[in-house]
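Spelled out, the chains give:
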Amino acid sequence: MPWELVNSIDPGTSERTVLRFPDSALQDIEIPCVVVRGAGDGPKLAVVAGVHGGEYPGPAAAIRLSREIDPAALSGSIVIVPVVNQTAFWGRTAFVTPDDGKNLNRVFPGNPDGSFSEVLACRLFDAVVRPADALIDLHSGDIFESLSPFSGFYDVLDDTLRTRSESIAWAFDLPSICKYPAPPVDNECLTAAAVRAGVASVLVEVGGNGLLNTEDENAVFDGLINSLRAIGCLDEPVQPTSPVRFEPVAGVDADKDGLWRPEVSLDQQVRAGDRIGVLTDQFGDVLSEFTAPEDGQVVFFMTCLPVQSGDFLVALGRPADS
Ligand SMILES: [Zn+2]
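All of these numbers come straight from a predicted model, not from anything done at the bench.

Draft legend 1. Molecular detail of the overall build of the protein chain. When helices and strands are counted, the protein chain shows seven helices and 17 strands. Compactness check: the protein chain gives a C-alpha radius of gyration of 20 Å against a globular reference of 20 Å for 322 residues, within 12% of the reference. Taken along the three principal axes of its C-alpha coordinates, the protein chain extends 65 × 45 × 35 Å. Per-residue burial over the protein chain gives 48% buried out of 322 residues.

So, in C-alpha cells, the structure goes:
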C-alpha cells in the first residue's frame with residue numbers, strides 16, 4: 001500500500017508502484033501510483049485525478065508532477081494516483097463507471113460489500129486518502145460539460161483543516177475559488193468524505209469537454225507546485241494568486257428528456273428571466289424554455305445535444321460577499 005511504501009524507501013527518493021486490491025470486484029484492476037518521499041519530514045499529501053473517465057488535464061498534470069518533482073527538495077511525502085478510475089478512463093465514459101453505472105464521486109468513502117464503484121471507492125479511500133494530511137482531487141468538466149476553472153474547499157469548523165484546505169485552494173491560481181459549507185454525511189464526494197475523515201481537501205476543476213490542452217495542464221501543474229509551497233513541502237515562497245471568491249447561486253435542471261440547445265456561453269452575465277436555452281424534440285419543436293432564475297454569471301453548462309430529465313444544464317455563480 002502506498003503510504004507503507006513511502007516509509008520503506010530512502011528519504012529523498014520516489015518509487016513507482018501499481019495498486020491492486022484483493023476484492024473479487026476489483027480483480028482485474030491495476031492502478032499506477034507514484035510515491036515520493038521527501039528528504040525531510042513534512043505533510044503527507046495525496047494527489048488523485050481521473051475519478052471521472054473523461055477529464056484529462058488532471059491526469060496529465062499529476063503524471064508530470066510525478067516525473068518532475070525532486071524528492072531531494074521535498075519535505076514530507078506525496079502519493080500520486082493520476083487515474084483512479086481505470087475502467088471509466090479506458091472506456092472513455094463520462095460521469096459514471098461502466099462496471100455499475102455509478103458516479104464514483106458520489107459513493108465515497110465507499111462500501112467494501114457494495115458494487116464495483118463502491119468497493120473501488122472504499123479501497124482507494126482507505127489506501128490513499130485516509131492516511132494523508134491533505135488531498136488534492138483533480139477534476140474538469142466531463143466530456144459533455146463546459147465550466148469556468150475554480151478551486152473549492154469546505155468551511156469546516158476545525159481551524160487546521162480549514163486553513164490548510166484554504167491555503168491549497170488559494171495556491172491554485174485559478175480565476176475563482178469557492179468556499180462550500182461543511183459537507184453533511186450524505187455528501188459522498190471524495191473531497192467531502194476526506195474532510196469529514198480529518199483530511200484537508202481541495203477540489204480542482206480545470207478544463208472540460210474531453211479536451212486536453214497545454215494551458216489547462218500547465219494551470220493544474222503550476223497549482224500543484226504552488227500548493228506544495230503553501231503547505232510547506234517545498235521551501236520556496238508561495239507565488240501570490242488572486243482568485244475571486246465565488247459562490248453558486250442557482251442552477252437549472254432538465255425537466256424532461258430532450259435535445260438541449262444552450263443559448264449562453266461560459267462566463268456570460270445573465271439577468272433573472274433571460275432565456276438561457278431550450279429543449280426540443282427530435283422534430284425540432286420546443287418542449288421547454290429555460291430562463292435564468294437569478295442574476296449571475298454562467299459558470300457551467302452542459303454541451304451535449306441529448307439530455308435526460310434531471311440533468312444539470314446550467315449553473316450560475318457570482319462573486320461572494322466575503
Ligand atoms: Zn469530475
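Draft legend 2. Representation of the pairing of strand β9 (residues 200-205) within the structure. β9 sits mainly inside the fold: six of its six residues count as buried. Burial of β9 is two-sided: the residues Ala200, Val202 and Val204 facing one way and the residues Ser201, Leu203 and Glu205 facing the other way are all buried. Bridge count between strand β5 (residues 134-139) and β9: six bridges; the pairing is parallel. When the sheet's bridge partners are listed, Ala134 is paired in β9 with Ala200. Pairing analysis gives three bridges linking strand β7 (residues 150-155) to β9, with the strands arranged antiparallel. Considered in β9, the bridge of Gly152 is made with Leu203.

Draft legend 3. Quick peek at the packing of helix α5 (residues 159-171) against helix α7 (residues 214-230). Across the interface, α5 lies against α7 with an axial gap of 8 Å and an inter-helix angle of 145°. The element α5 and its partner α7 pack so that their crossing is right-handed. In this structure, α5 contributes Ser167, Ile168 and Ala171 to the contact, and α7 contributes Gly223, Asn226, Ser227, Arg229 and Ala230. Among the residues forming the contact of α5 with α7, the class breakdown is three nonpolar, four polar and one charged.

Draft legend 4. Quick peek at the environment of Gly152. Here Gly152 is to be found in strand β7. When the C-alpha positions of Gly152 and Ser309 are compared, they lie 27 Å apart, and in sequence the two are 157 residues distant.

Draft legend 5. Focus on α5. The terminal C-alpha atoms of α5, which comprises 13 residues, lie 18 Å apart, in line with the 18 Å expected from a rise of 1.5 Å per residue. Each element contacted by the buried residues of α5 is listed here: β5, β7, β8 (176-181), α6 (190-196), β9 and α7.

Draft legend 6. Representation of the packing of helix α2 (residues 57-68) against α7. In the contact formed by α2 and α7, the axes pass within 8 Å of each other and the chain directions differ by 50°. In this view, α2 runs oblique relative to α7, as classed from their interaxial angle. The hand of the α2/α7 crossing is right-handed. Each of Pro57, Gly58, Ala60, Ala61, Arg64 and Leu65 in α2 lies in contact with α7, whose residues at this interface are Asp216, Glu217, Val220, Phe221 and Leu224. Across the contact of α2 with α7, the residue classes break down as seven nonpolar, one polar and three charged.

Rules of the game
- Along each chain, numbering runs from 1 in the same order as the chain's sequence is written.
- Local features are withheld for residues below a pLDDT of 70 in this predicted model, meaning they are given only at 70 or higher, and side-chain atom pairs are given and counted only at 80 or more; totals for whole chains, interfaces and linings count all residues.
- Put simply, DSSP marks the helices as runs of H or I at least four residues long and the strands as runs of E at least two long, and each gets a number from the N terminus on.
- Our radius of gyration is a C-alpha quantity, and the globule rule it is checked against amounts to 2.2 Å times the number of residues to the power 0.38.
- Field definition: a residue is buried when 20 or more other C-beta atoms are found within 10 Å of its C-beta, exposed when 12 or fewer are, and partly exposed for counts in between, with C-beta atoms placed from the backbone.
- Two strands qualify as a pair provided DSSP detects at least 2 bridges between them.
- Geometry is summarised by axes, namely lines fitted to C-alpha atoms with helices restricted to the contacting stretch, and by angles between N-to-C directions that run from 0 to 180 degrees.
- Here a crossing is taken to be left-handed if its near helix is turned anticlockwise relative to the far helix by less than a right angle, and right-handed if that turn runs clockwise.
- We call two residues in contact when the distance between their C-beta atoms, placed using the backbone, is within 7 Å.
- Polar here means any residue outside two lists: the nonpolar Ala, Val, Leu, Ile, Met, Phe, Trp, Tyr, Cys and Pro, and the charged Asp, Glu, Lys and Arg; Gly therefore counts as polar.
- One fewer than the residue count of a helix, multiplied by 1.5 Å, yields its expected span.
- To sort the angles, those under 35 degrees are grouped as roughly parallel, those over 145 as roughly antiparallel, those from 65 to 115 as roughly perpendicular, and the leftovers as oblique.

By themselves, these figures tell us nothing about what the structure is for.
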